[in-house]
Amino acid sequence: MQISIDVNSGFCFGVVNAIQAAEEYLKTHDKLLCLGDIVHNNMEVKRLNKLGLVIIDHKQFQELSDVTVLIRAHGEPPQTYKTALANNINLLDASCPVVLRLQNNIRKGHLDINKEGGQVVIYGKHGHAEVVGLAGQTAEEAIIISDENDLSKIDLSKSIDLYSQTTKSIEGFNTLVKNIEKNIPEDTTFKINDTICRQVSHRAPQMKEFSTLHDVIIFVSGKKSSNGKYLYSICKETNNRTHFISSTDELDKTWFKQADSVGICGATSTPRWLMDETKIAIDNIKTE
Ligand code: SF4
């Protein structure tokens, strides 16, 4: 049985930057606090915990002072920076530059559309850290649309300035655009900003192709990763013998019966070392 790891899977540059910033700091310090999971992958978080990274939540952050805190790639709303200033918290800001640019554009878009009584709409997951950071640029006035059930929240008689969370699917975004276009009056201004990160969207076609090349696909990802769920669904649609695992204990030897080739792939938050470990574990099953 041949086992291959997808060369296009693994961390995007935003996540690589955040992890490198943490590792660099921990070379000269025993401990670093990080606001929220640095990456949606428990195994990688555990590895970084051992180096001294401690994950805190926003409630704990509010109560801190005179410490250094890492901001992860997802970015933060303005309130976090205000709290840091008030409490003398030094921020090691590893917000992804793509997310920071989007935050700026939404802030400007919100100021502009407010003048004409319009609305900022963000296609994204309710409560997702990046979406919280984006909505914060609009003083929480942005309308968050997760799926078509949320469509009724948009006032179709007012101007619309639409953005997307960077990790949403292009298909979902295009469907939302069509749905709005179908229902708005002709004279309503509708500004469409496709802000999906190509680090993610380019992976979908690559993963589709990878899934066709193997009898069995093992998709490795943290269960909390939105991007992981999305890319897994692409693999599963293409190859029905696709299985989702978060750690090698979840591998089941019955999956590999009558399989000549196995492909291992993962999300933008899946560490390469975990895919390597998965390859070794499958090799061991094979030789049992
Ligand atoms: S998916 Fe794109 S926007 Fe999000 S952290 Fe990675 S590189 Fe940055």
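Counting starts from 1 at the beginning of each chain's written sequence and moves along it residue by residue. Given that the model is predicted, a residue must reach a pLDDT of at least 70 before its local features are reported, and side-chain atom pairs must reach 80 or more before they are shown or counted; all residues, however, enter totals for whole chains, interfaces and linings. Derived side-chain values reflect all non-hydrogen atoms in the structure, with water molecules and hydrogen atoms excluded from consideration.

1. A closer look at the site of the ligand
If even one non-hydrogen atom of a residue comes within 4 Å of a molecule or strand, that residue is called near it. The local shell around the ligand consists of C12, F13, G14, A73, C96, V98, V99, T166, C197, Q199 and V200. With respect to the detected pockets, the ligand is housed in the largest cavity. Secondary structure elements are defined from DSSP: runs of H or I of at least 4 residues count as helices, runs of E of at least 2 residues count as strands, and each element is numbered from the N terminus. Mapped by element, the contributors of at least two residues to the shell around the ligand are α1 (13–28), α5 (97–115) and α8 (198–201). Cavity means a closed set of points on a 1 Å grid over the protein atoms alone, one where a 1.4 Å probe fits but cannot get out, pocket means an open set with protein on both sides within 12 Å along at least 5 of 7 lines, and lining means a residue has an atom within 4 Å of a point. Occupancy of a cavity or pocket is assigned to a molecule whenever over half of its atoms lie within 2 Å of that pocket's grid points.

2. Regarding the pattern of salt bridges
Here, a salt bridge means any Lys or Arg side-chain nitrogen found within 4 Å of an Asp or Glu carboxyl oxygen. Following the criterion strictly, the structure yields 10 salt bridges and no others. Between E24 and K27 there is a salt bridge, with the nearest N and O atoms lying 3.2 Å from each other. Note that E24 and K27 are positioned in helix α1 at a spacing of three residues, about one turn of the helix. By relative accessible area, which is 62% here, K27 ends up exposed. The closest approach of N and O atoms between D112 and K115, which form a salt bridge, is 3.7 Å. One end of the pair is D112 and the other is K115, both in helix α5 and three residues apart, which spans about a single turn. Taking relative accessible area as the criterion, K115 reaches 70% and is therefore assigned exposed. Relative accessible area decides the class of each residue, using a 1.4 Å probe on protein chains only: under 20% of the type maximum gives buried, over 50% gives exposed, and in between gives partly exposed.

3. Topic: the packing of α1 against helix α2 (residues 42–51)
Packing of α1 against α2 leaves a shortest axis separation of 10 Å and a crossing angle of 20°. Viewed along their axes, α1 and α2 adopt a mutual orientation that is roughly parallel. Two packed elements cross with a definite hand, and for α1 against α2 that hand is left-handed. In this structure, α1 uses I19, E23 and L26 to contact α2, whose residues at the interface are E44, R47, L48 and L51. The residue classification treats Ala, Val, Leu, Ile, Met, Phe, Trp, Tyr, Cys and Pro as nonpolar and Asp, Glu, Lys and Arg as charged. All others, Gly included, are polar. By residue class, the composition of the contact of α1 with α2 is four nonpolar, no polar and three charged. The axes are straight lines fitted to the C-alpha atoms, using for helices just the contacting stretch, and the angles between their N-to-C directions are given from 0 to 180°. Relative orientations are named as follows: roughly parallel for angles under 35 degrees, roughly antiparallel for angles over 145 degrees, roughly perpendicular for angles from 65 to 115 degrees, and oblique for any other angle. Crossing handedness follows the turn of the near helix against the far one: under a right angle anticlockwise gives a left-handed crossing, and clockwise gives a right-handed one. Two residues form a contact once any of their heavy atoms are found within 4.5 Å.

4. Thoughts on the domain arrangement of the protein chain
These domain limits were set by an automatic method or by a database of domain assignments. Along its sequence, the protein chain is organised into domain 1 (2–10 + 202–287), domain 2 (13–96) and domain 3 (98–198). Centre-to-centre separation of domain 1 and domain 3, based on C-alpha positions: 33 Å. With five residues of domain 1 at the contact, the number on the domain 3 side is eight residues. With both sides pooled, the region where domain 1 packs onto domain 3 buries about 490 Å², and carbon together with sulfur makes up 45% of that total. Considering only the surface of domain 1 that becomes buried against domain 3, H202, S226 and Y230 emerge as the three largest contributors, covering 76% of it. Counting of polar contacts relies on pairs of N or O atoms within 3.5 Å, with two restrictions inside protein: one atom must be capable of donating a hydrogen and the other of accepting it, and residues adjacent in sequence are counted only when both atoms are side-chain atoms. Connecting domain 1 to domain 3 are two residue pairs in polar contact (both at pLDDT 80 or more). Looking at the side of domain 1 that touches domain 3 residue by residue, the class counts come to one nonpolar, three polar and one charged. When two parts are brought into contact, each loses some accessible area as probed by a 1.4 Å sphere; the total of that loss over both is the buried area.

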